[in-house]
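Next come the chains, spelled out residue by residue.
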Amino acid sequence: MERTLAIIKPDAVEQRLIGRIVARIEEAGFTIRAMRLEHLTKKEAEGFYAVHRERPFFGTLTDFMSSGPCVLMALEAPDAIRKWRALMGATDPAKADAGTLRREFGSSIERNATHGSDALETAAFELGYFFRGMEIR
Ligand code: GDP
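The model shown is predicted, which means the values in this text are computed figures rather than measured ones.

Caption draft 1: Up close: unusual backbone geometry. For R16, which is not a glycine, the phi torsion comes out positive at approximately 60°. Inspection of the secondary structure puts R16 in the loop between α1 (10–14) and α2 (18–27). For R16, a relative accessible area of 75% gives the class exposed. Even without a glycine there, the phi angle at A113 is positive, about 75°. Inspection of the secondary structure puts A113 in the loop between α6 (101–105) and β4 (114–116).

Caption draft 2: Quick look at the pattern of salt bridges. A complete count under the given rule lists eight salt bridges for this structure. Residue E38 pairs with R36 through a salt bridge whose shortest N-O separation is 2.7 Å. Here R36 falls in the partly exposed class, since its relative accessible area comes to 24%. One salt bridge connects E135 with R132, and the closest N-O pair in it is separated by 3.7 Å. Each member of the salt-bridge network shares a partner with another, and the members are R3, R33 and E76.

Caption draft 3: Representation of the site of the ligand within the structure. Looking at the ligand, the residues that line it are K9, Y49, H52, R55, F57, L61, R85, T91, R102, I109, E110 and N112. One of the side-chain N or O atoms of R102 is found 3.1 Å from an oxygen atom in the ligand. E110 has a polar backbone atom sitting 2.9 Å from an oxygen atom of the ligand. Alone, the ligand offers 550 Å² of accessible surface; in the complex the protein occludes 79% of this. By residue class, the composition of the shell around the ligand is four nonpolar, three polar and five charged.

Cut-offs used in this document
- Each chain carries its own residue numbering, running from 1 in the direction its sequence is written.
- Only residues with pLDDT of 70 or above have their local features reported here, since the model is predicted, and side-chain atom pairs are shown and tallied only from 80 upward, although totals for entire chains, interfaces and linings are computed over all residues.
- The side-chain figures draw on all heavy atoms in the structure; neither hydrogens nor water molecules are used.
- Secondary structure follows DSSP: runs of H or I at least 4 residues long count as helices, runs of E at least 2 residues long count as strands, and numbering of each begins at the N terminus.
- Burial classes: relative accessible area under 20% of the type maximum marks a residue as buried, over 50% as exposed, and values in between as partly exposed (1.4 Å probe, protein chains only).
- Counted as salt bridges are all cases of a side-chain nitrogen of Lys or Arg within 4 Å of a carboxyl oxygen of Asp or Glu.
- Nearness of a residue to a molecule or strand requires only that one of the residue's heavy atoms be within 4 Å of it.
- Nitrogen and oxygen atoms within 3.5 Å of one another constitute a polar contact, given that in protein one can donate a hydrogen and the other can accept it, and given that sequence-neighbouring residues count only through two side-chain atoms.
- For accessible areas, the Shrake-Rupley method is used with a probe of radius 1.4 Å. Any residue's cover is judged against the shown protein chains and nothing else.
- In this count, Pro and Cys sit with the nonpolar residues alongside Ala, Val, Leu, Ile, Met, Phe, Trp and Tyr, while Asp, Glu, Lys and Arg are called charged and the others, Gly among them, polar.

What follows is the structure in structure tokens.
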């Protein structure tokens, strides 16, 4: 079994897509081990995306991620990291495959509806950033 951090980003929460995205997660066979609605501060968003701090879009990305509440989740499945990224689709919704969440619900390369950890090490950091051990069942 593997765990990954998933986020329903503020654009998708604002569009009232939480239920549809959670349904897709469950239908795909993930077990939700933790879940919380959270309005990140700018500083919390900056800490989460610290690896991107030199990128030109760091300022707008962290403004966006702190612009409204998002849903934080710990997802569990065999091969969860790869499997969740496949369900999300490519970073840019315009390039994401048909049937993926970002293609369906994202509106731009930045406002792309969902986040998923990209490797085991990143998943460990990201899960630990938002959840204490006892919050993940
Ligand atoms: P991910 O792993 O698919 O989420 O992609 P990255 O780790 O490369 O980027 C993190 C997040 O930054 C993405 O999910 C987007 O919200 C945003 N992002 C990535 N590339 C760009 C870009 O070129 N421009 C802007 N404005 N945002 C971007």
